[in-house]
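These are the residues of each chain, in order.
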Amino acid sequence: MSERTVALPWLEAFADGWRAREAQGRLPHAVLLTGQPGVGKRAAAIWLAKRRLAIGDQESVPTYPAAVPEHADLRWVQKPEDKQSIGIDQVRELIDALSLTSYGGGAKIAIIEPADIMTGEAANSLLKTLEEPPGDALLVLVADRLGRLPATIFSRCQRINVPAPPVSAGLAWLDRLRPGADWSAALEIAGNAPLAAIAALDTLEDTRAMERELRALAEGRASPVDVAARWAKMDPQVVFGWLGRQVQQCLYRLSDHARQAGTGAIPDSVLKRMDRRNLFCYLDTINRLRGQPGGSYNLQLALESVLIDWAGGLADYRSPFSPGGLLPVPAAR
């Protein structure tokens, strides 16, 4: 893949909106960047940092690839390599750093990415700083999954959604990046997020094999345990993201406005045997598994559970998160 820097044109509205806030003197002190993974939220955060600190090339829109600039007044907080979350000690260290005088004598900026993996204690310790940031500080929170952020964080940030571009625009951008690649399939796997499609391109063979195996499970031609063992070797975000999109497609094909035959991984003869209400519950299970921190549960056991249910046509479906299920019910925030 070429490493030349290219603009992300679908973020033009985001950039124009920020420049308008600057011109009107209405810049927020805390921003929450939301949107699905792979739409360019990280690139947008880097663009904000460079603009706020007046460093590097001042592109008119965010670009890809985007490297985090080095600057004494920039703090970028991510999870440690040996951890599954951003902890309270990291946030306390950030708060202490923001309380110091700016090295450049001007603005300071802190970026937490992804903010939705902060522990509850870390999120709570950040609230006062979000409400009353010291000096001319800007805090940028990047979030992939809003359901994991406390409402108290929402109320203290100005939310800016970073949308995916239309499919045609995403395909055109990707084809300029690498002409002739099978971007249509990769973009579908990535849920129409162009930057996620770049990584998905390398997993096309795996996802096509998953499609064949999901169909075989529904038709009784494959073992859920054997399939789970193979899928457990893959990235759980890829597996559950893809599986969730297959179930969403099934739900669409069963809806009143989409009775025509579908072209997804599941044949209509199998799909008609599935209860639509159970499909909704099954999709909720997949989304909750996707939202679990890595290493917090047995991936192969969880896959065995959901694939055994799928092979059984979701008859009498029971979520593994239900009382007595395989996985604990997450505590209410």
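Small disclaimer: the values here were computed from a predicted structure and weren't measured.

1. Structural notes on the overall build of the chain
1) Next: If you tally the helices and strands in the chain, you get 14 helices and 7 strands.
2) Next: Taking all 333 residues of the chain together, 46% fall into the buried category.
3) Next: Put simply, 70% of the contacts in the chain that link residues at least 6 apart link residues at least 24 apart.
4) Next: As presented, the chain carries roughly 16,300 Å² of accessible surface, and 50% of it is formed by carbon and sulfur atoms.

2. Description of helix H1 (residues 12-24)
1) Next: For H1, which comprises 13 residues, the first-to-last C-alpha distance of 18 Å matches the rise-based estimate of 18 Å (1.5 Å per residue) to within 8%.
2) Next: Turning to H1, the residues buried within the fold contact strand E2 (30-34), helix H2 (41-53), strand E6 (137-143) and strand E7 (158-161).
3) Next: Gly25 occupies a position one or two residues after H1 and carries a positive phi of about 65°.

3. Overview of the sheet that holds E7
1) Next: The parallel open sheet is built from 5 strands, whose spatial order is E4-E5-E6-E2-E7. The two strands at the open ends of the sheet, each matched to only one other strand, are strand E4 (74-77) and E7. Strand-to-strand twist of the sheet, defined as the mean angle between neighbouring strand axes without regard to direction, takes the value 20°.
2) Next: The pairing of E2 with E7 spans 4 bridges and is classified as parallel. Opposite Val31, over in E7, you have Gln158 as the bridge partner.
3) Next: Along the sheet, H2 contacts E2, E4, strand E5 (108-112) and E6; its crossing angle with E5, the most-contacted strand, is approximately 170°.
4) Next: Each of E4, E5 and E6 is contacted by helix H3 (residues 88-99), which is oriented at about 170° to E5, the strand it contacts most.

4. So, the confidence of the model for the chain
Atom-level detail of predicted coordinates should not be read off regions where pLDDT is low.
1) Next: Of all residues in the chain, 89% have pLDDT values of 70 or greater, and the mean over the chain is 86.
2) Next: Taken together, the stretch residues 256-263 has pLDDT below 50 and engages in 8 contacts with residues farther than four places along the chain or on a different chain.
3) Next: In the predicted structure, residues 329-333 sits below a pLDDT of 50 and forms 7 contacts with residues beyond four places in sequence or in another chain.

5. Topic: the nonpolar core
1) Next: The biggest cluster of nonpolar side chains holds 46 residues, and the ones touching the most others in it are Leu33, Ile111, Val140 and Trp173.
2) Next: No other element matches H2, which puts 8 residues into this core.
3) Next: Not counting the four nearest positions on each side in its chain, Leu33 is found in contact with Phe14, Lys41, Ala44, Ala45, Leu48, Val140, Leu141, Val142, Ala143 and Ile160.
4) Next: Met210, Leu214, Val227 and Ala302 belong to the second largest nonpolar core, which has 31 residues in total.

6. So, the pattern of salt bridges
1) Next: Enumeration over the complete set of coordinates arrives at 11 salt bridges.
2) Next: In this structure, Asp144 engages Lys41 in a salt bridge whose closest nitrogen and oxygen atoms are separated by 2.7 Å. A residue pair is termed long-range when its members are at least 10 positions apart, and Asp144 in the loop between E6 and helix H5 (151-154) and Lys41 in helix H2 qualify at 103 residues.
3) Next: In this structure, Arg230 engages Glu213 in a salt bridge whose closest nitrogen and oxygen atoms are separated by 2.6 Å. Placement of Arg230 in helix H10 (residues 224-231) and of Glu213 in helix H9 (residues 204-218) is noted, with a sequence separation of 17 residues between them.
4) Next: Relative accessible area serves as the criterion here: at 42%, Arg230 is assigned to the partly exposed category.
5) Next: For Glu213, a relative accessible area of 16% puts it in the buried group.

Parameters and conventions
Residues numbered from 1 in each chain as written. Predicted model: local features only at pLDDT ≥ 70, side-chain atom pairs only at ≥ 80, totals over all residues. Heavy atoms only, no water. Helix = DSSP H or I, 4+ residues; strand = E, 2+ residues; numbered from the N terminus. Buried < 20%, exposed > 50% of the residue type's maximum accessible area, 1.4 Å probe, protein only. Contact = heavy atoms within 4.5 Å. Areas by Shrake-Rupley, 256 points an atom, 1.4 Å probe, with all protein chains shown as cover. Expected span 1.5 Å × (residues − 1). Pairing = 2+ DSSP bridges. Axes fitted to C-alpha atoms, helices over the stretch in contact; angles between N-to-C directions. pLDDT = per-residue confidence, 0-100. Core = buried A, V, L, I, M, F, W, Y, C linked by side-chain atoms within 4.5 Å. Salt bridge = Lys/Arg side-chain N within 4 Å of Asp/Glu carboxyl O.

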